[in-house]
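A closer look at the structure
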Amino acid sequence: SSETFWTTTGMFPQEFIIGFPKCVKISKVAIQCYLVRTLRIERSISKDPVSFEPCIEKDLQHVEGQLQMEEFPIPDFQATYLRFIIKSAFDHFVSVHRVMAEGT
């Protein structure tokens, strides 16, 4: 729902983990957020959310008053868990409105 979002508590880094029912192949990850400066995405193929390895780290562009919409194409990428780490921000608080993973 575009009416709901996850927000940080004011200190960085902040993180959240998304789990899948089994290991899946992902071809693209997309995120809609607000005021995120540096985002890192890590993956785990373990049965539990452990042993994460870095996949993507990017500095996002800030446009005042608009959501940031970023897509990350990822060829031949498998994961059971994705960890999103917000390393820094343009303000004290940021929000994440939607995360999408495409694949099989």
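Residues numbered from 1 in each chain as written. Predicted model: local features only at pLDDT ≥ 70, side-chain atom pairs only at ≥ 80, totals over all residues. Heavy atoms only, no water.

**Some points on the sheet that holds strand β6 (residues 95-103)**
We apply this condition: In short, DSSP must find at least two bridges between two strands for them to pair. In this description a helix means any DSSP run of H or I spanning at least four residues, a strand means any run of E spanning at least two, and both kinds are numbered starting from the N terminus.
With antiparallel pairing, the six strands of this open sheet are ordered in space as β1-β6-β2-β5-β3-β4. The open sheet is flanked by β1 (6-7) and β4 (53-59), the only strands paired with a single partner. Across six bridges, the pairing between strand β3 (residues 36-44) and β4 is antiparallel. Each residue of the ladder has a partner; that of T38, found in β4, is D59.

**Remarks on the packing of aromatic side chains**
Our working rule: Only Phe, Tyr and Trp rings take part, Trp by its six-membered ring, and two of them pair if their centres are within 6.5 Å. Stacked means planes under 30 degrees apart, edge-to-face means over 60, and tilted covers everything else. Three exposure classes are used, based on accessible area relative to the maximum for each residue type with a 1.4 Å probe and protein chains only: buried under 20%, partly exposed in between, and exposed over 50%. Any Lys NZ or Arg CZ found within 6 Å of a ring centre and within 35 degrees of that ring's normal is scored as a charge over the ring.
On inspection of all chains with the given rule, the structure shows two aromatic pairs. A centroid spacing of 5.0 Å and a plane angle of 55° characterise the contact between W6 and F16, whose relative ring orientation is tilted. Of this pair, W6 sits in strand β1 while F16 sits in strand β2 (residues 14-34), placing them 10 residues apart in sequence. Looking at F16, the relative accessible area reads 15%, which means it is buried. Seen from their ring centres, F16 and F84 are 5.0 Å apart, and the 5° between their planes marks the pair as stacked. Of this pair, F16 sits in strand β2 while F84 sits in strand β5 (residues 68-89), and the two are 68 residues apart along the sequence. One exposure class covers both F16 and F84, and it is buried. Following the ring pairs from residue to residue traces out a cluster consisting of W6, F16 and F84. For R43, the ring lying beneath its charged end belongs to F77, and the centroid distance is 5.3 Å.

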